[in-house]
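The lines below spell out each chain.
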Amino acid sequence: MKISILATVTLLAPLCFMASAQAYNPQDLAQLKRTNACPRCDLSNAPLNNLNLSRANLRNANLQGANLSRSILAGADLSDANLETANISSANLFETLLIGANLKSAVLVNSNLTGAGLMAANLEGANLRGAIMDLVNSRGARYRATTMPNGTVTPTPTWR
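Reference entry: report on the structure contained in this document. (Residues numbered from 1 in each chain as written. Predicted model: local features only at pLDDT ≥ 70, side-chain atom pairs only at ≥ 80, totals over all residues. Heavy atoms only, no water.)

**Considering the pattern of salt bridges**
If the charged atoms of two oppositely charged side chains come close together, the side chains can form a pair. What counts here: Each reported salt bridge corresponds to a side-chain nitrogen of Lys or Arg within 4 Å of a carboxyl oxygen of Asp or Glu. In this description a helix means any DSSP run of H or I spanning at least four residues, a strand means any run of E spanning at least two, and both kinds are numbered starting from the N terminus. Only protein chains enter the accessibility calculation, which uses a 1.4 Å probe; a residue is then buried when its area is under 20% of its type maximum, exposed when over 50%, and partly exposed in between.
This structure, assessed with the given rule, holds 3 salt bridges. Residue E124 pairs with R142 through a salt bridge whose shortest N-O separation is 3.7 Å. Of this pair, E124 sits in the segment after α2 (26–35) while R142 sits in the segment after α2, and the two are 18 residues apart along the sequence. Taking relative accessible area as the criterion, E124 reaches 10% and is therefore assigned buried.

Structural data, given as C-alpha cells:
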C-alpha cells in the first residue's frame with residue numbers, strides 16, 4: 001500500500017509543478033491594474049481582455065498565452081515581452097512598442113497596429129488577418145508562416 005501511494009505521489013508531483021508554472025502571478029496582475037506598470041511580471045495566461053492598458057509599462061513581461069483581446073494598449077511598452085500564443089485580437093495597439101517582442105503564434109486578428117514598433121519582433125506563425133498595419137516599423141522582424149492582414153501566409157524556408 002505504501003509503495004502504491006509513493007508511486008502515485010511520484011507520478012503526480014511533476015503535474016503540480018507544471019500547473020503552477022502555467023499560471024499568472026495574482027500580485028503581478030493586481031500591480032498592473034493598480035499602477036498600469038508591471039515590467040518583468042509574470043502574467044502568463046492572465047485574463048487581460050477588455051482592459052484599458054494605454055501607455056502601460058510591460059517591458060520584459062511574460063504574457064505567454066494571455067488574453068488581451070479587445071484591450072486598449074495604445075502607446076504601451078511591450079518591448080522584449082513574451083506574447084507567445086497570446087490572444088490580442090481586436091485590440092488597439094496604436095503606437096505600441098513591441099521591439100524584440102516574442103509574438104510567435106499570437107493571434108492579432110482585426111487589431112489596430114497603426115504606428116506600432118515591431119523592430120526585431122518574432123511574428124513566426126502569428127495571425128494578423130484583418131489587422132491594420134499602417135506606418136508600422138517592422139525592420140528586422142521575423143515573418144515565417146505568418147498570416148498577413150490580407151490572408152496570405154509568408155513562406156516557411158524549405159532548408160529548415
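**Comments concerning α2**
Stated precisely, the cut-off is as follows: Note: the arc covers the axis-to-C-beta directions of the helix. In protein, a polar contact means a hydrogen-donor-capable atom and an acceptor-capable atom, both N or O and within 3.5 Å, with residues adjacent in sequence counting only if both atoms are side-chain atoms; elsewhere, any N or O pair within 3.5 Å suffices.
Buried residues of α2: D28, L29 and L32, and no others. Buried residues of α2 fall within an arc of 100° about the axis and therefore sit on the same side. For α2, the exposed residues set more than 90 degrees away from the buried face come down to P26, Q27 and R34. Between the side-chain oxygen of the N-cap and the backbone nitrogen of Q27 there are 2.8 Å, and the N-cap of α2 in question is N25.

**Some words on the environment of V153**
Convention followed: Contacts are residue-level and defined by heavy atoms, with any inter-residue pair within 4.5 Å sufficient.
In this structure, V153 sits in the segment after α2. Classification of V153 by relative accessible area gives exposed; the value is 52%. Each C-alpha atom of the pair V153 and R129 lies 9.6 Å from the other, and the pair is 24 residues apart in sequence. Those residues within four positions of V153 in sequence are excluded, and the remaining contacts are A145, T146 and T147.

**Describing the state of the cysteines**
Stated precisely, the cut-off is as follows: Two cysteine sulfur atoms make up a disulfide if the distance between them is within 2.5 Å.
Evaluation of the coordinates by the stated rule reveals 1 disulfide. The residue that forms a disulfide with C38 is C41, at a sulfur-sulfur distance of 1.7 Å. Sign of the S-S torsion, about -85° for the bond between C38 and C41, identifies this disulfide as left-handed. You'll find C38 and C41 in the same group, each marked buried.

**Some remarks on unusual backbone geometry**
For N45, which is not glycine, the phi torsion reads 60° and is therefore positive. Counting through the fold element by element, N45 comes out in the segment after α2. Overall, N45 belongs to the partly exposed group, its relative accessible area being 37%. Positive phi outside glycine occurs at E95, with the angle close to 55°.

**Considering the side chain of T96**
Here T96 is to be found in the segment after α2. Engagement of the side chain of T96 in a polar contact is seen with the backbone oxygen of L73, the distance being 2.6 Å. Side-chain polar atoms of T96 contact the backbone oxygen of L93, separated by 3.0 Å. If near-sequence neighbours (up to four positions away) are discounted, T96 is found in contact with L73, A74, G75, A76, L78, A116 and G117.

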